[in-house]
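# Geometric and topological summary
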Amino acid sequence: MARHIAIVAPPVPGHYDPLKVLARAVERRGDRVSFVHMADAASLVPDFDFAAVGDRTHGPGALARYADVLARASRPVGFLRMIRETAAITQMLLDELPRALERIGADAVIADSTEPAGGLVARHLRLPWATSVTGLPLLREPAVPPPFMGWPYRSDAGGLKRNATGYRIADIFSRPITRVVESMAAEWGLDAHADQGFSPDLQVAQCPMPLDFPRQALPANFHYCGPWREERSPDEALPQDGRPLIYCSLGSLQGGRSGLFAAMTEACARVGARAVVAHGGKLSDEAVRALPGDPIVRAHWHQPSVLPQCSAAILHAGFNTVLDALGAGVPMLVAPIAFEQPGTAARVVHAGVGRLLPRRRTATVIAHELETLLNATSYRDNALDMAGSMRCLRNVEDAADRLDALFSAA
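Residues numbered from 1 in each chain as written. Predicted model: local features only at pLDDT ≥ 70, side-chain atom pairs only at ≥ 80, totals over all residues. Heavy atoms only, no water.

### Considering the environment of A363
Turning to its location among the elements, A363 is positioned in helix α12 (residues 363-375). Not counting chain neighbours up to four residues away, the residues in contact with A363 comprise A263, E266, A267 and R270. (Helix = DSSP H or I, 4+ residues; strand = E, 2+ residues; numbered from the N terminus. Contact = heavy atoms within 4.5 Å.)

Right, dumping it as structure tokens:
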């Protein structure tokens, strides 16, 4: 008999897009999948069942307001507001999910690692559940820096001390979210911090192991499955005029930075290359026309199709875009802006598949770094090696098989 599986995750494309691919793989195994969140989030998953919650606190317009908060999170005031808004969403889910999951007859839960409400509610309802890891693995280890820090991996005494301090600081800033979770856990008689808040039975990650920092204490239930992407990619040929193509993206939330895009496209022109820009719908037509260097510009590109045609990429280190670049064997310059992007950028550098742009991101600086990236064969060779290792993974099918085995045994 088909099971009904609920997915609970932050309602942003960076999480929902890979989860949609995972959901389709789960459905191919005969189960039904429903995403559960504020009503506006249904627009992100139009081809799936959706259960809306939180109409009183997160009614029409709430998703757009949250996206605006996330876009401004790179500044201190914006970051603190993002934490408060995220805590309010977690509180809403803790209040609403138990009734919603019972109403739709959910038999199991897939809870994203960055939204603690999904797993806590599953435990409260005694439902089998798994953790989905759509971004960086968040499991803490002494030698692994906090994911929101761009620190390199260090296992010496200095590195361990630095990381411990970083985790204490992260705990202070995330306290509004932690208080919400601890309060509800206490009401339900649960330990909010059991297994670091992740499933004790199964954690499936779309991160390939070579991209992560070295790990010494991964639980047996954690699995690096590889990127969750559709197997077939539509053909999308880019115009070729003899110049190398450089893919430039700042993601769907940070794509309104016209000044940085202008520096990137000018830098490409300075080294004899042509930029292929994806601005996420954040640049006006006027801003697009003002970009120097004759770039090829769209709001969105199908990355798995266009990246193999590029010689390099200049990215914000958004996790999904980095995975797509690596899958195509494309080396990259990384310019992290917010969220876990500094941590992802540090892993790109650690793996030898890219270079970190300094904070002063002028056209001159970017051109110098891009020329170094293109002329040093090691970055391309390492990226191609990573692409080869990723092709050996079963990716989303591996994750779906593990979910099926867990929920069948429950």
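From this point, the discussion proceeds with the structure in view.
### Focus: the sheet that holds strand β9 (residues 274-278)
Each strand in a sheet pairs with its neighbour through backbone hydrogen bonds, running either in the same direction (parallel) or in the opposite one (antiparallel). Reading across from one edge, β10-β9-β8-β11-β12-β13 is the order of the six strands in this open sheet, with parallel pairing throughout. Only two strands of the sheet have a single neighbouring strand rather than two, namely β10 (296-298) and β13 (354-356). Geometrically, the sheet is characterised by an average inter-axis angle of 15 degrees between neighbouring strands, direction not taken into account. Pairing between β9 and β10: three bridges, direction parallel. Among the inter-strand pairings, V277 is bridged to a residue of β10, identified as V297. (Pairing = 2+ DSSP bridges. Axes fitted to C-alpha atoms, helices over the stretch in contact; angles between N-to-C directions.)

### Section: the sheet that holds strand β2 (residues 32-38)
Read across the sheet, seven strands follow the order β3-β2-β1-β4-β5-β6-β7 without closing on themselves; strand pairing throughout is parallel. Because the sheet does not close on itself, it has two edges, and the strands there are β3 (49-53) and β7 (222-224). Between one strand and the next, the sheet's axes are offset by a mean angle of 25 degrees, whatever the strand orientation. In terms of strand pairing, β2 meets β3 through five bridges, oriented parallel. In the strand pairing of β3, F35 is matched with F50. Contacts between helix α1 (residues 13-28) and the sheet are confined to β1 (4-8), β2, β3, β4 (108-112) and β5 (129-133), with β2 contributing the most and set at about 155 degrees to the helix.

### Some remarks on the pairing of strand β8 (residues 245-249)
Counting buried positions along β8 yields five of five residues, so the element is predominantly enclosed. Here β8 shows two buried faces, one formed by L245, Y247 and S249 and the other by I246 and C248. (Buried < 20%, exposed > 50% of the residue type's maximum accessible area, 1.4 Å probe, protein only.)

### Things to note about the nonpolar core
One recurring pattern in soluble globular proteins is that nonpolar side chains are buried together. Core analysis: the biggest nonpolar cluster contains 68 residues, and F35, L101 and W228 have the highest contact counts within it. Looking at this core element by element, the count peaks at 10 residues for helix α3 (residues 76-104). Leaving out residues up to four positions away in the same chain, F35 has contacts with I7, Y16, L19, K20, A23, V45, F48, D49, F50 and A51. In terms of nonpolar packing, the next biggest core, distinct from the first, is built from 36 residues, V133, L139, L315 and V330 among them. (Core = buried A, V, L, I, M, F, W, Y, C linked by side-chain atoms within 4.5 Å.)

### Things to note about the pattern of salt bridges
The final tally for this structure, using the stated rule, is 26 salt bridges. When the shortest N-O distance is used, the salt bridge between R243 and D241 registers 2.6 Å. Judged by relative accessible area, R243 falls into the partly exposed class, the value being 25%. Note that D401 and R394 form a salt bridge whose closest N and O atoms lie 2.9 Å from each other. Classification of R394 as partly exposed rests on a relative accessible area of 45%. Through salt bridges that share partners, R28, R29, R394, E397 and D401 make up one connected network. (Salt bridge = Lys/Arg side-chain N within 4 Å of Asp/Glu carboxyl O.)

### What about unusual backbone geometry?
The phi dihedral of A317 falls on the positive side, at around 70 degrees, and the residue is not glycine. Within the secondary structure, A317 sits in the loop between β11 (312-315) and α10 (319-327).

### Details of helix α14 (residues 395-409)
The terminal C-alpha atoms of α14, which comprises 15 residues, lie 22 Å apart, in line with the 21 Å expected from a rise of 1.5 Å per residue. For α14, the set of buried residues is N395, V396, E397, D398, A399, A400, L403, L406 and F407. In this structure, the buried side of α14 is in contact with β1, α1, β4, β5, β6 (203-205) and α13 (377-391). (Expected span 1.5 Å × (residues − 1).)

### A short note on a nonpolar patch on the surface
A cluster of nonpolar side chains, contributed by L80, I169 and F173, occupies part of the molecular surface with about 240 Å² of accessible area. With respect to the secondary-structure elements, I169 resides in helix α5 (residues 157-173). Note on I169: relative accessible area 35%, which makes it partly exposed. (Patch = residues over 30% accessible without salt bridge, like charges linked within 9 Å, V, L, I, M, F, W, Y side chains within 5 Å. Areas by Shrake-Rupley, 256 points an atom, 1.4 Å probe, with all protein chains shown as cover.)

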